[in-house]
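Summary of the model geometry
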Amino acid sequence: MSVLTALARIEAVRQGRAQRIAAVRHVHLAERPMVVIPLGLAGEANAPLGALVGADREHPALLTVPQPRNRDLRFAFAAELAGLLVPYLEGFHADTETVEPKRGEPYERSLDAPQLIVPNRPGAAFLKLLGRSTRFRRTDGPYPVDPIVPSLGRWLTFLADRSEHPGSCLLLPATEALSLHWATGQSSLEDANLGALLGWITDGPQAALRAEDPAHLPPAGPATDPGFDNAVLEPLIRAHDEGTPVEEKIADALLTQLEPTWRLVWQAVDLLREIPAGASVASRWEGDRASYTGFAASFAESHPQPRRDSAVAAAARLDKLERAQAGYEVARAFDDPLLMAEHRLKGQAFTGEVVAAEPGRIVLSDKNRKLLRPLVTVSTTDPVRLAAGDEVTCVERPELGGTVHSLDGALITVEISKGMGTLTKPAPLPEGRVAFTTLKRDFQQPATFPEREETPWTHGGPPPEYVPAEEDAVEEWA
């Protein structure tokens, strides 16, 4: 937890209301997101009880499983869920645009992409395990499933994997999105309760306390309240096993658990929409769109995702995630002055007023060439921990950068060496209030890894070619 977030939590307790810790919105919100509220049976691994699904907040679809331990009913649920999700997930692939990057070949990218919103991180984990349980299933032979079921599994696995990419919004837990923008007076663990988190944001701690009472507000899933399980659910499932037609009663009972969370998720979406999006949100969504386009284009030709990555694939994925995390944190800081304030406290950034400038300053290079190197002097009261020669970038104009030329008390002089224009056409220098930081938005080159066939013996040697097998799916839903 950062210093300013800790202070915001203290202020939330003092004022009795959650405090904003972001000036802009750091997540993308689709025009037509698909909300998925899953419920699972307690004590069973990924045994679905039901789900409330839809892109229309007024008309959600209710799916139920009267006996979650019954394999046929589970896959019937998966097929019904797939009938709702797969057309939505595939519906963005047809409309594309041609992207011509500065480096590399032009490629096609979807104009938009799907977005699934779940109440919390356990809900996303439930969908991930559901994907693993269904993507290997056979559509012929013994115990065949509807052909759409393995398609759903592959899509859910893709979305779950992509959700681990920093800043990705294809699969978005509502609690995590809200916690990026508000600090409450409760712990991070308690913030995982969607009702309590929204209570702090909208009404205060008393509303959060009421939301934590299952009698007032059911849990946001995928786990259900033990009291509901014992008093309502267990007798209905037992009656179903005895042959009593109680499907309608089970559906009504599950709706009482799902419908309040459905309203909370859409309330979270409304709150987030009120915040203007940060400048880098669009570029991160472009990355999501590109990832979606690549997966959708190769869907018919490729095998289901393997259960485990090979050593090389795992190392490359970790390297990619680490670089993405570093870039994500920097981009958010450039977007948001409240986040940049954290770096000002650390001495990695400073803000102040421009008090002097030398726009036409010229220096000679080692080869006796004239170089334009303007100077900008900033007066600041920030606790700067910089030294002459440190590279800095202008926050308001990231294309403008240079090095610290000198420090004299509260005065910091920066020599501009990037984005300053030319001798004949110099670019204007910053005026008024300006901020500089040592954070860099430069592209980071990926690490070099051996080919899959050259995996060193220390990591198991070259892995065998992956071929999907029946045993891939026997652990779940057998």
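Residues numbered from 1 in each chain as written. Predicted model: local features only at pLDDT ≥ 70, side-chain atom pairs only at ≥ 80, totals over all residues. Heavy atoms only, no water.

1. Remarks on the pattern of salt bridges
Overall, the coordinates contain 20 salt bridges when judged by the stated rule. A salt bridge links Arg433 to Glu353, with the nearest nitrogen and oxygen atoms 3.6 Å apart. Here Arg433, found in strand β17 (residues 433–437), pairs with Glu353, found in strand β10 (residues 349–358); they are 80 residues apart in sequence, far enough to count as distant. Judged by relative accessible area, Arg433 falls into the exposed class, the value being 51%. Residues joined in a network through salt bridges with shared partners are Glu97, Arg109, Glu286 and Arg289. (Salt bridge = Lys/Arg side-chain N within 4 Å of Asp/Glu carboxyl O. Helix = DSSP H or I, 4+ residues; strand = E, 2+ residues; numbered from the N terminus. Buried < 20%, exposed > 50% of the residue type's maximum accessible area, 1.4 Å probe, protein only.)

2. A closer look at unusual backbone geometry
Following Gly221, the chain continues into Pro222 via a peptide bond in cis, with omega recorded as 0°. One non-glycine residue, Tyr143, adopts positive backbone phi at about 50°. A positive phi is found at Asn368, a non-glycine position, where the angle reads about 65°. Counting through the fold element by element, Asn368 comes out in the loop between β11 (362–364) and β12 (370–372). Judged by its relative accessible area of 58%, Asn368 is exposed.

3. With respect to the sheet that holds strand β14 (residues 391–394)
An order of β10-β13-β16-β15-β14-β17 is seen for the six strands of this closed barrel, with the pairing classed as antiparallel. Neighbour to neighbour, the strand axes of the sheet diverge by 45° on average, direction disregarded. Pairing of β10 with β17 involves five bridges; the strand directions are antiparallel. Pairing of Ala349 across the sheet is with Thr437, part of β17. Against the sheet, helix α13 (residues 337–345) touches β10 and β17, its axis set at about 85° to β10. (Pairing = 2+ DSSP bridges. Axes fitted to C-alpha atoms, helices over the stretch in contact; angles between N-to-C directions. Contact = heavy atoms within 4.5 Å.)

4. Quick look at the sheet that holds strand β2 (residues 34–40)
Read from one edge of the open sheet, five strands run β4-β3-β2-β7-β8, paired in mixed fashion. With partners counted over all chains shown, the strands left at the sheet margins are β4 (61–64) and β8 (171–173), one partner each. The mean angle between the axes of side-by-side strands here comes to 20°, regardless of whether they run parallel or antiparallel. Bridge count for strand β7 (residues 116–118) against β8 is three bridges, and the pairing is parallel. Opposite Val118, over in β8, you have Pro173 as the bridge partner. Of the strands in this sheet, β2, β3 (48–54), β4 and β7 touch helix α10 (residues 247–273), which is tilted by about 140° from β2.

5. Looking at the pairing of β10
Two strands pair when backbone bridges link them, and β10 and strand β13 (residues 375–380) are joined in this way by six bridges, in the antiparallel orientation. Directly across from Ala357, in β13, lies its bridge partner Val376.

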